[in-house]
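Coordinate analysis (summary)
Chain by chain, the residues run as shown.
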Amino acid sequence: MELLITYDVDTTTPAGARRLRRVAKVCEAYGLRVQQSVFEVVCTEVDWELMRRRLLEVIDPRQDSIRVYRLNAGTFTKAEPLGHSPPAPHDTPLIY
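Residues numbered from 1 in each chain as written. Predicted model: local features only at pLDDT ≥ 70, side-chain atom pairs only at ≥ 80, totals over all residues. Heavy atoms only, no water.

Side-chain positions along a regular strand alternate between the two faces of the sheet. Where strand β1 (residues 2–8) meets strand β3 (residues 38–42), five bridges bridge the pair, whose relative direction is antiparallel. Residue Ile5 lies in a different strand from β3, and its bridge partner there is Phe39. One ladder, built from seven bridges, connects β1 with strand β4 (residues 65–71); its direction is antiparallel. Paired with Ile5 across the bridge in β4 is Val68. (Pairing = 2+ DSSP bridges. Helix = DSSP H or I, 4+ residues; strand = E, 2+ residues; numbered from the N terminus.)

With that settled, consider the UniProt feature "binding site: Mg(2+)" (unreviewed entry) in the chain. Using the residue numbers shown here, the UniProt feature "binding site: Mg(2+)" (unreviewed entry) corresponds to Asp8. One can find Asp8 in strand β1. In this structure Asp8 comes out as exposed when scored by relative accessible area, which is 55%. When neighbours within four sequence positions are excluded, Asp8 is seen to be in contact with Gln63, Asp64 and Ser65. (UniProt positions renumbered as here; feature names shortened; annotations may be inferred. Buried < 20%, exposed > 50% of the residue type's maximum accessible area, 1.4 Å probe, protein only. Contact = heavy atoms within 4.5 Å.)

Shown next, in the form of structure tokens:
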């Protein structure tokens, strides 16, 4: 499954800044950062459920927002980058 994950975390407090870092770390564990708060994730349903639970443990739902878009398989390979945006290597392992 391919997911596009975007987030907006309230960073007006030190606790919010910590949540922002934690959200980014969870996303980095599963996908590739393509912009500041945007990740492309290729995963299984099980991985998505684990990631979803981790994200829900990190955010403050009264202040933070995460949007998840489920995409058709192969959508990331059809992305049309404009400007400086190298292609994301979804076909290579995240851990070397």
